[in-house]
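Residue-level listing of the chains:
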Amino acid sequence: MNYLGALLTSLVASAAWAAPYDGPLFDMHLHYNVEAFDAHPTADVFARLQRSGVRAAVANSRPNEGTRSLAGARDEAGATGVTVVPFVRLYRNRADYTGWFADDSIYRMVLDELARGTPAGPYRGIGEFHLYDSTNADGPVARRPMQLAEQRGLLVLAHVDDDAVDRLMAHAPGARLVWAHTGIGGAPVPRVKALLDRYPQLMGELSYRPGLTEGGRLSAEWKALLMEYPGRFAIGSDTWVMPRWSAYETLMRDAREWLGDLPPDVARRIGWANAAGWFGLAEPR
C-alpha cells in the first residue's frame, strides 16, 4: 500500500477504530534515573507499569545502577508480570549528555557494563544517547557504539535528528537503530518515510512526537504512515524527569487512545508485538 492509499484508507476507516486499545503494552523508552530512586522505589515502578497494562519495558538509566535495580527486582517483576529489557546508557551524570561523543572513557564504560550484565541477563541494547549537533555523529567515540551494536546484535536507542540517522547508519549499515521520538525535532512525515525506506532496520519510537496526534487522536498523515509501516514503530513513556513518573498511567492511557484509531491488529503491533518481537519475548498470558 502506498502512502496516499494508506492515507485514504485511514480517513475512511477512522470511525471504525475509536475504542481505546486494550491489549498489552511494551514501553520502549523508560528511564529510571537517580533522582527517581527515593520517590519511586522499584515496587512503585512495577506497580505503575502493571496498572497501565505494560508487560515489558526497555530500561535505560543515568547511571546504569537504575537499570540494574529494575533488572534485579525479580520478586516485583514476577508478581506484576513485567519483563525488564536492559540497555546500557552512556551517561554517568548530566554532564555526559553533551560530551559523551568526545570522551573515550564512555566507550570503555559501555564495554565494562556489557561484560558485567544485569540480574535479568545480558544487556540487549545501547542508549538512549543524544546528539544535539548531528555532525558529532561522525566523531570516533560516536561511531563505536553503532559498530559495537552491529557486531553484537544489540539495538541502539538514539535521540537524534534525521541527518544524524544517516550519519550513524553510515558507520554501521547492519545495525538496528530505534529512533527515539522518531525525531523529536519534528522531521516531516515524507522525510521519516524516506528514512524507513532507506534503512529497513530503522524503527521509530513515538513518545513526544510532534504532529503525531491532534486533540488526542492520531493525525491523518501519521495514521497513514503507521498503517503503511505497521512493523516499524513502538510506543514509549520517556520518564526522563520526575513529572513523567507521576503521570505515567496518564501517558499510557493517552497512548491507548490514539492506538485505538488504528485497526486492532496494527494497534497491537505498535503497542506490543513489534518491540516484543525485536527481543524475542513470548506473548503475555
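This report concerns the structure included in the present document. What you are looking at is a predicted structure, and each value in this text was computed from that prediction instead of being measured.

A word on the pattern of salt bridges
- Here the structure, examined in full by the defined rule, presents 22 salt bridges.
- In this structure, Arg-92 engages Asp-96 in a salt bridge whose closest nitrogen and oxygen atoms are separated by 2.9 Å.
- Judged by relative accessible area, Asp-96 falls into the buried class, the value being 5%.
- In this structure, Arg-191 engages Asp-166 in a salt bridge whose closest nitrogen and oxygen atoms are separated by 2.9 Å. Remark: Asp-166 occurs in helix H8 (residues 162-171) and Arg-191 occurs in helix H9 (residues 189-198); sequence separation between them is 25 residues.

Details of the environment of Asp-27
- The topology assignment puts Asp-27 in strand S1 (residues 25-30).
- Taking relative accessible area as the criterion, Asp-27 reaches 0% and is therefore assigned buried.
- Contact partners of Asp-27, with chain neighbours within four places excluded, come to Val-54, Ala-56, Ala-57, Val-58, Ile-235, Gly-236, Ser-237 and Tyr-248.
- Polar contacts involving the side chain of Asp-27 include one to the side chain of Tyr-248, which spans 2.7 Å.

Some words on unusual backbone geometry
- Residue Arg-62 is joined to Pro-63 through a cis peptide bond whose omega torsion reads -10°.
- Across the junction of Gly-127 and Glu-128, the peptide omega takes the value 10°, indicating a cis bond.
- Here Glu-128 lies in strand S4 (residues 125-130).
- With a phi close to 60°, Tyr-208 is a non-glycine residue in the positive phi region.
- With respect to the helices and strands, Tyr-208 occurs in the loop between strand S7 (202-205) and strand S8 (213-214).
- The partly exposed category is assigned to Tyr-208, whose relative accessible area is 37%.
- Although it is not a glycine, Asp-238 sits at a positive phi angle of roughly 50°.

How each quantity is defined
Residues numbered from 1 in each chain as written. Predicted model: local features only at pLDDT ≥ 70, side-chain atom pairs only at ≥ 80, totals over all residues. Heavy atoms only, no water. Salt bridge = Lys/Arg side-chain N within 4 Å of Asp/Glu carboxyl O. Buried < 20%, exposed > 50% of the residue type's maximum accessible area, 1.4 Å probe, protein only. Helix = DSSP H or I, 4+ residues; strand = E, 2+ residues; numbered from the N terminus. Contact = heavy atoms within 4.5 Å. Polar contact = N/O pair within 3.5 Å; in protein donor to acceptor, adjacent residues only side chain to side chain.

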